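The lines below spell out each chain.
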Amino acid sequence: RSNEDMQVLKKTYFEKYEKDIAIALDGELSGDFEKLIFYSLQAAEEEFNEEYHTEEKADEDADAFYEAGQGSWGTDEGKMFKILVNSPPEYLEMVDAKYSEKYGYTLWKAMEKELTGYAEKAAVFIFGMKIRPAETVAKL
């Protein structure tokens, strides 16, 4: 969902239930899935800017994604989710290409290896909706 879509969702939820959606979800979710949902609710996806979202930055973020997962003992899901949620689709494709080039498989595969349960399913879905929305929806 776009940042605007997320703002509409939060506003509509509040108007209907007179409660902030983040507060409502706080007691319902847990673990890595909760982290991912709260990153998403922040509606912080950046606008693509070719001067900022460069090949060099994609290379750095591919390394950061790797270090958050396979490249370290334990997984820093928060770092992975931040890159996933905040990156515009065009840039996420660049990060994915750099990751594949450097580490031999896609971000999709990396998330499948490093995450579990609802967090894995949600992260892979978010990635798919950014990179290949039609294919992702067709798999539902």
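What you are looking at is a predicted structure, and each value in this text was computed from that prediction instead of being measured. (Residues numbered from 1 in each chain as written. Predicted model: local features only at pLDDT ≥ 70, side-chain atom pairs only at ≥ 80, totals over all residues. Heavy atoms only, no water.)

Draft legend 1. Focus on the nonpolar core. Counting residues in hydrophobic clusters, the biggest one holds 28 residues, and the most contacted among them are Leu-36, Phe-65, Leu-84, Met-111 and Phe-127. Counting only elements with at least two residues in this core, the list comes to α4 (55–68), α5 (77–86), α6 (89–103), α7 (107–114) and α8 (117–131). Looking at this core, the element that brings in the most residues is α8, giving seven residues. With residues up to four places along the chain from it excluded, the contact list for Met-111 reads Phe-65, Met-80, Leu-84, Glu-120, Ala-123, Val-124 and Phe-127. (Core = buried A, V, L, I, M, F, W, Y, C linked by side-chain atoms within 4.5 Å. Buried < 20%, exposed > 50% of the residue type's maximum accessible area, 1.4 Å probe, protein only. Helix = DSSP H or I, 4+ residues; strand = E, 2+ residues; numbered from the N terminus. Contact = heavy atoms within 4.5 Å.)

Draft legend 2. Spatial organisation of the packing of aromatic side chains. Going through the model one piece at a time under the given rule, you end up with eight aromatic pairs. Centre to centre, the rings of Phe-33 and Tyr-118 are 5.7 Å apart; their planes meet at 45°, and the pair counts as tilted. Highlighted residues: Phe-33 in helix α3 (residues 31–41) and Tyr-118 in helix α8, separated in sequence by 85 residues. The class of Tyr-118 is exposed, set by a relative accessible area of 62%. Both rings, one in Phe-65 and one in Tyr-99, keep their centres 5.9 Å apart while their planes meet at 85°; by these two values the pair is edge-to-face. Taken together, the residues span a long stretch of sequence, with Phe-65 in helix α4 and Tyr-99 in helix α6 at a distance of 34 residues. Taken individually, Phe-65 and Tyr-99 each receive the classification buried, so the pair is uniform in this respect. Counting every residue linked through ring pairs, the aromatic cluster contains Phe-65, Tyr-66, Tyr-99, Tyr-103 and Tyr-105. (Phe/Tyr/Trp six-rings, centres within 6.5 Å; stacked < 30°, edge-to-face > 60°.)

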